[in-house]
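Read off the chains here:
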Amino acid sequence: MRLWHQSLLSVLPKSQLLAQWRELNSIYAKEDRHILINYIYDYPKDDLFSYTELVLQEMRAREINIRTVDKMERYFADGPFEKVTNPFVRHHNKEYLEICYFNLKEKFIRGQKDFDEERYEALREMYEALE
């Protein structure tokens, strides 16, 4: 379970973006605990709400059908929430960006089916620009 660094959402392969939505829904349904995401509970819900909005925005931009938002709506029913420009700022830092980048790079090197050369180059260029 991982919440990808928000700077990389636009270059994630489709399978990672879809998995991100499933992971968010798992959090909404069960408030899952996992070593890779426990930090989100140290932040106000505003951060998770803003991060969710970024994921949904990317899914819509790619015209990915979002089948259900009921778990999300229930989880955030106690809103409204303030927009957070950099969700999870203490954890989604430069080091975390690097961790996510190399995780994705390995997926490309190992031949993930929906991770083509064009998407990898976009990832690499984005990472280098953010360094």
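Conventions and cut-offs
Residues numbered from 1 in each chain as written. Predicted model: local features only at pLDDT ≥ 70, side-chain atom pairs only at ≥ 80, totals over all residues. Heavy atoms only, no water. Helix = DSSP H or I, 4+ residues; strand = E, 2+ residues; numbered from the N terminus. Buried < 20%, exposed > 50% of the residue type's maximum accessible area, 1.4 Å probe, protein only. Salt bridge = Lys/Arg side-chain N within 4 Å of Asp/Glu carboxyl O.

A tally of regular secondary structure across the protein chain gives five helices and zero strands. For the protein chain, the α and β elements follow one another from N to C terminus as α-α-α-α-α. Here the C-alpha coordinates of the protein chain stretch approximately 40 × 30 × 25 Å along the principal axes. Taken over 131 residues, the protein chain has a buried fraction of 42%.

This part is about the pattern of salt bridges. Scanning the model with the defined rule gives six salt bridges in all. Where Arg124 meets Glu121, a salt bridge forms, and the shortest distance between an N and an O atom there is 2.5 Å. Placement of both Arg124 and Glu121 in helix α5 (residues 117–130) is noted, with a separation of three residues, approximately one turn of the helix. Among the residues examined, Arg124 registers a relative accessible area of 23% and is labelled partly exposed. A cluster of three or more residues bridged by salt bridges with shared partners is formed by Glu121, Arg124 and Glu128.

Read these as layout, nothing more, since geometry by itself doesn't imply function.
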